[in-house]
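# Breakdown of the fold
Each chain, letter by letter, is given below.
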Amino acid sequence: MDTTTHAMKDGAVTDEFDHAAGAYDRLVGANPGYHAHLRVSARRLGLPWDGTGLRLLDLGCGTGASTAALLRALPRARIAAVDASPGMLEAARAKRWPESVSFHRARAEELTPEWAREHVGGPVDAVFGAYLIRNCPDPDALLASVRALLKPGGRVVLHEYSVADSVSARAVWSAVCWGVVIPAGKALTGRADLFRYLWRSVLEFDGRGALLDRMRRAGLESVASAPLPGWQYGVTHTFVGRRPNGASSGALESALNSVRKGAPNSAPGGRVDEL
C-alpha cells in the first residue's frame, strides 16, 4: 500500500473528515444514487419485523447518511451510530432523529463487547459499515471487532468501493475522481487532500474476492457480495456475512438466501460469493 495513504489512516483522515464535514452532505448529494444505494445495502441485511426489538450498529456513520438508510429500512430498530470524526458527528447530531437513534464518538476497530453492553445493552443483531473498512489502518482488526460485537447469528453488511478486480471499474473510478470528485471537493472545502486520498485508497483496496476471503478469515460465514446499479456498477458493492450460530443457523441462512438475487454462484467448498 502507498505509504502516504496508509499513514493517513492513522489519524489524518479523521482530521480531513472534520474539515470537510460542513460540505459533506452537498458533496455526496451530488452523487447520483448515493443515498438510494445505501438503502439497498441496508435492505440486504434482510432483517425482519421492521427491526422491532433489534439492536444495530452503524459504524463509520459520518454525517448520518448511512444511519438514515438503516432507519428507513428498519424503522423500529435501536440504532447506535459511531464515528471517529467529531465534525461529522456534530453534523449528524444536528439533524432530527427519533429517540431510538444515538450517536457515539469512537474508532470502530476499538469497540468491544463491554462497550456494546454499556451503550446498546448487549451484543448487536447487525453491524452496518458504509465506506468504513477501507479507511481503517487494520481491516482485520475491524472485522475481529465486528465479529465480537455480534450476537451468534448476527449479520454484517459492508457497503464499499472495490475496483481491484476490474480494469474497467478502475478506469471509471479514476475518471470520476479527477473529473468530478476532486475538483468539486476542493471547490467546496478549500483543499483536495481528502479527495485525492479517496481516489488512491479505493485503487489500493481489496478486490471483491480478497475482501470476501478477509471476511472468512475473520470467522464470518455465508459471506457474499452484490454490485450496485448505475455508474457505480462494478465500483461499489454490498458485502454480507454473519457470525456463526451453530445448530440454530438454519433460519438465518434461509433469511439470507431470501435477499439474494438470482441464482447464486457457489465457490469451492460450498461457499456463496454473490448475492
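On a predicted model such as this, the values are computed, not experimentally measured, just so you know.

What follows deals with the overall build of the chain. Helix and strand counts for the chain come out as eleven helices and nine strands. Considering the chain as a whole, with its 275 residues, one finds that 53% of them fall into the buried category. Restricting the contact set of the chain to residue pairs at least 6 apart, pairs at least 24 apart contribute 71%. Approximately 11700 Å² of the chain is accessible, and the part contributed by carbon and sulfur atoms is 53%.

With that settled, consider helix H2 (residues 12-29). With 18 residues, H2 extends 24 Å from end C-alpha to end C-alpha; this agrees with the ideal 26 Å at 1.5 Å per step. The largest bend along H2 measures about 70° and falls at Ala21. Taken together, the buried positions of H2 are Val13, Thr14, Glu16, Phe17, Ala20, Ala21, Ala23, Tyr24, Leu27 and Val28.

Bringing the nonpolar core into the picture now. If you look at the biggest cluster of nonpolar residues, it comprises 49 residues, and the most contacted ones within it are Leu38, Leu45, Leu56, Phe128 and Trp173. For this core, the leading source of residues is H2, giving seven residues. In contact with Trp173, other than residues within four places in its own chain, are Tyr161, Val163, Leu198, Trp199, Val202, Leu203, Trp231 and Val235. Judged by nonpolar contacts, the second largest core, of 30 residues, contains Ala108, Leu142, Val146 and Val223.

The rules behind each value
Residues numbered from 1 in each chain as written. Predicted model: local features only at pLDDT ≥ 70, side-chain atom pairs only at ≥ 80, totals over all residues. Heavy atoms only, no water. Helix = DSSP H or I, 4+ residues; strand = E, 2+ residues; numbered from the N terminus. Buried < 20%, exposed > 50% of the residue type's maximum accessible area, 1.4 Å probe, protein only. Contact = heavy atoms within 4.5 Å. Areas by Shrake-Rupley, 256 points an atom, 1.4 Å probe, with all protein chains shown as cover. Expected span 1.5 Å × (residues − 1). Bend = angle between axes of the 7 residues up to and from the residue. Core = buried A, V, L, I, M, F, W, Y, C linked by side-chain atoms within 4.5 Å.

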